[in-house]
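Per-entry structural report
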Amino acid sequence: MKMDSRTMVSFIKKIELFRGLDERESEIVAESVEMKAFNPGMLLFEENSRREGIFMIFEGKVELFKASPVGEEKKLSLFGPYDFLGEGALTEDSPHSTSARAITRTTLLVLSRDFFIENGPISMKIFSNVARVITRRMRQANARMMASAAQYESGLTRKEHDLLGYRDVPNEYYYGIQTLRATENFNISGVTLNFFPLLVNALAMVKKGAALANHELGFLPDDITKAIALTCDEIMNKRFHFHFVVDMIQGGAGTSTNMNANEVIANRALEIMGHNKGEYEHCHPNNHVNLSQSTNDAYPTAVKIALYNENESMIAILEKLIKTLTEKEKEFARVIKMGRTQLQDAVPMTLGHTFGAFATTLKSEIARLSENARLFLIINMGGTAIGTGINAHPEFGKVCVKHLKEITGLDLDLAPNLVEATQDTGSFVMYSSAVKSLAIKLSKMSNDLRLLSSGPRAGLNEINLPPMQPGSSIMPGKVNPVIPEVVNQIAFKVIGNDMTVGLASEAGQLELNVMEPIIVQSLFESIEMLKNGMNTLMYRCIKYITANEEVCRKNVENSIGLVTALNPHIGYENSTNVAKEALETNRSVYELVLEKNLLSKEELDNILDPENMI
């Protein structure tokens with residue numbers, strides 16, 4: 001394929017790498033490039049090969065990938081026309097760290113390293129652009145591994161504007177200028193919206209419901225409605241989640257989250273409609289995706305839908321944990337042990353009683369969580385900014401709720417007073433208290449597991465926790481109860497998050513509570529940690545707990561508390577005398593009762609039979 005000089009210069013001017021070159025400098029670059037054609041499957045360069053130059057894609061598609069130590073390929077990014085690869089050839093002599101392959105018939109323009117040696121003034125301008133591109137590509141290199149492909153952004157950008165001016169947005173991303181500013185302003189926790197898929201899905205649900213309502217009321221044309229709805233369906237099917245990049249902790253009462261959703265949906269809808277990202281005259285983040293809405297009704301509605309679904313997910317895990325505890329209750333039903341109050345011997349019980357109590361106390365939390373989560377079904381869509389419904393049709397809220405009920409499958413209802421609903425965060429406070437209650441009970445259970453397994457020689461040693469890892473860097477043979485310990489720490493964090501929710505809720509002023517993002521972050525963090533903690537406790541601890549039956553029984557036989565169980569059979573005076581002598585002589589109650597012929601061994605063992613103890 002041949003290309004005339006004018007076409008070549010025009011193409012080069014559109015490439016980010018050559019921004020700022022004048023006409024003559026662009027012509028020099030055009031005269032220096034070599035055109036190469038690649039069939040599908042052909043490699044442009046291979047990992048560990050020498051860097052030869054810069055590859056610019058004129059037409060076709062190129063896939064960047066990296067081989068794992070075991071030979072599997074990890075796809076990093078996909079590049080198309082006006083993208084470029086290999087700019088590292090200008091800054092270092094190291095070999096390629098990745099491989100690139102044509103996946104369609106592809107035409108490339110290749111600019112060799114020698115060009116930069118021979119054209120100093122032009123090279124300086126290009127180096128300046130390379131520095132900017134590499135900085136942008138590495139912006140998220142320190143993010144979690146799932147997002148490591150972000151460092152391989154292409155150099156292609158699109159120019160967008162907002163109230164504050166113009167910015168270049170990397171063209172791969174579906175978010176826009178307001179999201180870009182938010183990522184720069186709120187580098188706070190490192191935990192972004194896409195850490196919580198149910199929240200991203202809920203945002204898409206709200207936007208789809210709003211689009212369908214606006215269409216039904218005659219405010220949104222067919223083509224835009226269909227494109228928005230299809231995009232939201234894609235997001236609900238877990239596509240484009242990576243583009244929800246705003247930190248969970250943010251200023252602005254959730255505006256950045258709302259705009260992140262608006263921009264991603266608008267840009268994907270534009271693609272569906274046959275336009276390029278950023279061509280907002282065809283589908284605008286504010287004018288179309290956010291039509292008849294404000295952050296102050298769309299954001300809390302999405303949060304409530306997501307929290308309701310997160311609660312269902314957490315309860316499902318909680319029910320599995322309860323089932324596991326119930327199985328242990330049956331397994332240990334005949335293991336007699338000593339019950340304790342105030343850490344002192346009390347009366348005999350079974351180890352099954354212990355695990356049955358754990359199961360029962362957690363069952364009560366299901367009802368409390370479910371009851372409080374139902375508060376999230378009352379939403380304020382149509383209230384817009386402060387609940388008065390400004391800029392929305394009077395029927396928008398009702399129509400939107402109708403569509404949302406169908407989309408979510410939830411029994412949603414419109415708040416009777418939208419002004420009150422817009423400023424109220426009471427449902428979050430109530431639900432947070434239920435989450436805290438669950439955390440406290442899990443922590444208490446973990447405390448008991450640590451105590452019952454303590455020792456093994458100098459502690460209670462009534463149960464064995466599965467050994468998960470060596471317990472000390474200095475004490476050989478030591479194994480610690482690390483799983484209950486981590487559940488304790490999760491509980492401490494949840495309790496702290498509940499305090500944060502309370503303080504943030506109190507901080508509401510006038511017609512809005514701007515502290516909702518920290519409320520949201522705290523609740524989602526607490527739920528996520530509890531889900532992970534309960535799974536860990538169940539699968540890495542409770543399932544594999546075993547009983548030290550002999551230790552348990554000997555503790556009962558040696559305990560002074562045994563006389564309480566014997567009191568109805570040998571009388572109060574005999575029981576008192578036996579207890580006193582046992583303390584003074586350091587002998588067991590069991591032994592003394594037999595020695596004094598107060599009961600036969602058969603009678604004594606019958607009294608201590610677990611079925612009779614119950």
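Just so it is clear, the structure is predicted and the values come from calculations on it, not from any experiment.

**A short note on the overall build of the protein**
- The number of helices and strands found in the protein is 22 helices and 16 strands.
- Based on the C-alpha atoms only, the size of the protein along its principal axes is roughly 115 × 65 × 35 Å.
- When the 614 residues of the protein are sorted by exposure, 51% land in the buried category.
- Expressed as a percentage of contacts within the protein between residues at least 6 apart in sequence, the contacts between residues at least 24 apart total 72%.
- Put simply, the protein has 63 plus and 75 minus side-chain charges, and the middle of one group is 3 Å from the middle of the other.

**Quick notes on the packing of helix α11 (residues 351–373) against helix α14 (residues 426–452)**
- Taken N-terminus to C-terminus, the directions of α11 and α14 make an angle of 170°; their axes are 8 Å apart at the nearest point. Judged by the angle between their axes, α11 and α14 are roughly antiparallel.
- Its residues assigned to classes, the contact of α11 with α14 comprises 14 nonpolar, six polar and four charged.

**Let's talk about the pattern of salt bridges**
- Counted according to the given criterion, the structure contains 35 salt bridges.
- In this structure, E31 engages R24 in a salt bridge whose closest nitrogen and oxygen atoms are separated by 3.7 Å.
- Overall, the relative accessible area of 59% leaves E31 in the exposed class.
- Of the residues examined, R24 reaches a relative accessible area of 46% and is grouped as partly exposed.
- Bridged by salt links that share partners, the residues E234, R239, R268, E271 and K277 form one connected network.

**Examining the packing of aromatic side chains**
- On inspection of all chains with the given rule, the structure shows eleven aromatic pairs.
- Among the aromatic residues, those joined into a cluster by ring pairs are F11, F58 and Y82.
- A cation over an aromatic ring shows up here: R101 above the ring of F65, its NZ or CZ 4.1 Å from the ring centre.
- Taking NZ or CZ as reference, K277 lies 4.6 Å from the ring centre of Y174, over its face.

**Focus on the packing of helix α1 (residues 5–13) against helix α2 (residues 23–32)**
- Interhelical geometry of α1 versus α2 gives an angle of 110° and a closest axis separation of 9 Å. One finds that α1 runs roughly perpendicular with respect to α2. Of the residues in α2, those in contact with M8, V9, I12 and K13 of α1 are E23, S26, E27, V29 and A30.
- Partitioning the contact of α1 with α2 into residue classes produces five nonpolar, one polar and three charged.

**Observations regarding the sheet that holds strand β3 (residues 53–59)**
- Read from one edge to the other, the open sheet built from four strands follows the order β1-β8-β3-β6, with strand pairing classed as antiparallel. Strands at the two margins of the open sheet, each flanked by one partner only, are β1 (34–38) and β6 (84–85).
- Relative to strand β8 (residues 106–112), β3 runs antiparallel, the two being bridged by six bridges. What sits directly across from I54, in β8, is L111.
- The strands touched by α1 are β1, β3 and β8; relative to β3, the strand with the most contacts, the crossing angle is about 110°.

**What to know about the sheet that holds strand β4 (residues 62–67)**
- Taking strand neighbours across the sheet as the criterion, the four strands line up as β2-β7-β4-β5 in an open arrangement whose pairing is antiparallel. Looking at the sheet topology across the chains shown, the edges are occupied by β2 (43–45) and β5 (73–79). Averaged over neighbouring strand pairs, the angle between their axes works out to 30° when direction is ignored.
- Direction of pairing for β4 relative to strand β7 (residues 99–102): antiparallel, over a ladder of four bridges. Within β7, the residue paired with L64 across the bridge is A100.

**Remarks on the nonpolar core**
- Counting residues in each nonpolar core, the largest one holds 114 residues, and the members touching the most others are I228, L442 and L449.
- Sort the elements by how many residues they give to this core and helix α10 (residues 295–331) lands first, with 15 residues.
- Membership of the second largest hydrophobic core comes to 22 residues, among which are L21, V29, F58 and I122.

**Some points on the side chain of N461**
- Within the element layout of this structure, N461 appears in the loop between α14 and β15 (463–464).
- Classification of N461 as buried rests on a relative accessible area of 14%.
- Within the structure, N461 has its side chain in polar contact with the backbone oxygen of P456 (distance 3.1 Å).
- When near neighbours in sequence (up to four residues on either side) are disregarded, N461 contacts L452, S453, S454, P456, N548 and V551.

**Description of the pairing of strand β12 (residues 344–350)**
- Note: strand β11 (residues 336–341) against β12, five bridges, orientation antiparallel. In the strand pairing of β12, M338 is matched with P348.

**Things to note about the state of the cysteines**
- On inspection of all chains with the given rule, the structure shows zero disulfides.
- The thiol of C541 is not disulfide-bonded; the next cysteine sulfur, from C552, is found 16 Å away.
- We classify C552 as buried; its relative accessible area is 0%.

**A word on the confidence of the model for the protein**
- Mean pLDDT over the protein: 89, with 93% of residues reaching 70 or higher.
- Predicted confidence is poor over residues 140–151, with pLDDT under 50, and the contacts of this stretch with residues over four places away or in other chains come to 15 contacts.

**Quick word on the pairing of β4**
- As defined by bridge partners, β4 adjoins β5 across six bridges and the pair is classed as antiparallel. Within the sheet, the bridge partner assigned to K66 lies in β5 and is K74.

**Regarding a nonpolar patch on the surface**
- Nonpolar side chains collect at one region of the surface, where I440, F492 and I495 lie side by side and expose about 280 Å² of accessible area between them.
- Relative to the assigned elements, I440 resides in helix α14.

**A word on the environment of L418**
- Within the element layout of this structure, L418 appears in helix α13 (residues 418–423).
- For the pair L418 and T257, spaced 161 residues apart in sequence, the C-alpha separation works out to 21 Å.
- When near neighbours in sequence (up to four residues on either side) are disregarded, L418 contacts I379, N380, M381, G382, G383, I386 and G387.

**Description of the side chain of N372**
- Here N372 shows up in helix α11.
- Judged by relative accessible area, which is 9%, N372 ranks as buried.
- Here M430 takes part through its backbone oxygen, which lies 3.0 Å from a polar atom of the side chain of N372.
- Setting aside anything within four residues of it in sequence, one finds N372 in contact with M430, Y431, S433 and A434.

Definitions and cut-offs
Residues numbered from 1 in each chain as written. Predicted model: local features only at pLDDT ≥ 70, side-chain atom pairs only at ≥ 80, totals over all residues. Heavy atoms only, no water. Helix = DSSP H or I, 4+ residues; strand = E, 2+ residues; numbered from the N terminus. Buried < 20%, exposed > 50% of the residue type's maximum accessible area, 1.4 Å probe, protein only. Contact = heavy atoms within 4.5 Å. Lys, Arg positive; Asp, Glu negative; His and termini not counted. Charge placed at Lys NZ, Arg CZ, Asp CG, Glu CD. Axes fitted to C-alpha atoms, helices over the stretch in contact; angles between N-to-C directions. Parallel < 35°, antiparallel > 145°, perpendicular 65-115°, else oblique. Nonpolar A, V, L, I, M, F, W, Y, C, P; charged D, E, K, R; others polar. Salt bridge = Lys/Arg side-chain N within 4 Å of Asp/Glu carboxyl O. Phe/Tyr/Trp six-rings, centres within 6.5 Å; stacked < 30°, edge-to-face > 60°. Lys NZ or Arg CZ within 6 Å of the ring centre and 35° of its normal. Pairing = 2+ DSSP bridges. Core = buried A, V, L, I, M, F, W, Y, C linked by side-chain atoms within 4.5 Å. Polar contact = N/O pair within 3.5 Å; in protein donor to acceptor, adjacent residues only side chain to side chain. Disulfide = S-S within 2.5 Å. pLDDT = per-residue confidence, 0-100. Patch = residues over 30% accessible without salt bridge, like charges linked within 9 Å, V, L, I, M, F, W, Y side chains within 5 Å. Areas by Shrake-Rupley, 256 points an atom, 1.4 Å probe, with all protein chains shown as cover.

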